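Chain and residue survey
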Amino acid sequence: MSVVALCYHGVSPTWRSPMAVTPRQLEAQVTHFLRRGHRPATVAEAVSAPPGRRLLVVTFDDALASVHRLALPVLERLGVVATVYAPTAYVFSGERMHWPEVRHHLLGPDAAELDPMTPAQLVDVAARGWEVGAHTCTHPWLPELDDDELRTELVESRVALERLLDRPCASIAYPFGAHDDRVVRAAEAAGYATGVTLPGGAPRWPAAPVGRRRLTLPRIGVYRADGPLRYRLKVGAAGRVVRRPKAISRRRPTASPANVHTPRA
Ligand SMILES: [Zn+2]
């Protein structure tokens, strides 16, 4: 396996949500690949690297404040750059994340875990070599939107980040990993060069992604339950084709206690 792309959300020593890993887990999981000769790369760097390079692509969806507070120091110490995907309506308003799948956390003691990074923190990580990509404006299920809504979510988030960072915003993470052909075409038309998904399983990156394959790059979701053994089994499988990745749901699941706790945020 030459490129391994990991998808994280929050980092917290205390938050019991599947969405978070502890700083210690993050350090061990990243070190696992550095020891095996993988070099850190952003998404943009990885797609343009020569085929065959062993690369580690660390990504964070949702741009939670804990990423700046707790992941950044760990990764800086390891010499690792990452790519963070920001839902711009939250980052620019400062409102806690509150789409239906995460809203229940706002009622408990961990509500502050849903604080977004500030615009200044995004500027800070960009200055440290991180890539900042878009995660739409409001974090909807993109396949459910009509064409106008879809375009607005894709274009306005890109433009807002480009204005903030004064550089191109070339990458999108589809919320929940949910996408279909129409969404991918719209992402391309909205100016994105790369898009990242969450197909489940241990997917391989294409050896030299070109064209639209760059807009459906798979990542391995890493969650709190991934202790050392489970993590090794999970990412170790990335080197082999062990099973066909699960199809990604294109529809927002109806709310139920099980779905409310979905880690795919
Ligand atoms: Zn998300």
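It is worth spelling out the overall build of the chain at this point. Along the chain, the regular secondary structure elements total 9 helices and 10 strands. Within the span of the chain, comprising 265 residues, buried residues form 52% of the whole. Taking all contacts inside the chain whose residues are at least 6 apart in sequence as the whole, residues at least 24 apart take part in 70%.

Attention now moves to helix H5 (residues 119–127). Buried within H5 we find Leu122, Val125 and Ala126. Along H5, the residues classed as buried sweep out an arc of 105 degrees about the axis, all on the same side. Every exposed residue of H5 that faces more than 90 degrees away from the buried side is listed here: Ala120 and Ala127. Immediately beyond the C-terminal end of H5, within one or two residues, lies glycine 129, with a positive phi of roughly 100 degrees.

Let us look at empty space enclosed by the protein. Under the defined criterion, the tally for this structure stands at 2 cavities of 30 Å³ or more. Every residue lining the largest cavity is counted, 14 residues in all, and those nearest its centre are Val3, Ala46, Ala49, Pro50 and Ala207. A class-by-class count of the residues in the lining of the largest cavity yields 11 nonpolar, 2 polar and 1 charged.

Those residues of helix H7 (residues 181–189) not exposed but buried are Val183, Val184 and Ala187. Summarising the axial view, the buried residues of H7 lie within an arc of 100 degrees, below the 170-degree limit, and thus occupy one face. Across H7 from its buried face, at more than 90 degrees, point the exposed residues Asp181 and Ala189. Turning to H7, the residues buried within the fold contact helix H6 (147–165) and strand E8 (171–173).

Further remarks concern the confidence of the model for the chain. Parts of the model with low pLDDT should not have their predicted coordinates read in detail. A residue-level look at the chain finds 88% of positions with pLDDT of 70 or above and a mean pLDDT of 89. pLDDT under 50 marks residues 255–263. Its contacts with residues more than four places away, or in other chains, come to 11 contacts.

With that out of the way, let us pick up unusual backbone geometry. Here the phi dihedral of threonine 136 falls at roughly 65 degrees; this positive angle occurs in a residue that is not glycine. Structurally, the position occupied by threonine 136 is in the loop between strand E7 (131–134) and H6. Unusually for a residue other than glycine, histidine 139 sits at a positive phi of about 65 degrees.

Cut-offs used in this document
- Residues numbered from 1 in each chain as written.
- Predicted model: local features only at pLDDT ≥ 70, side-chain atom pairs only at ≥ 80, totals over all residues.
- Heavy atoms only, no water.
- Helix = DSSP H or I, 4+ residues; strand = E, 2+ residues; numbered from the N terminus.
- Buried < 20%, exposed > 50% of the residue type's maximum accessible area, 1.4 Å probe, protein only.
- Contact = heavy atoms within 4.5 Å.
- Arc of directions from axis to C-beta.
- 1 Å grid on protein atoms, 1.4 Å probe; cavity = no way out; pocket = protein on both sides within 12 Å on 5 of 7 lines; lining within 4 Å.
- Points joined across faces, edges and corners; volume = space filled by probe spheres on them.
- Nonpolar A, V, L, I, M, F, W, Y, C, P; charged D, E, K, R; others polar.
- pLDDT = per-residue confidence, 0-100.

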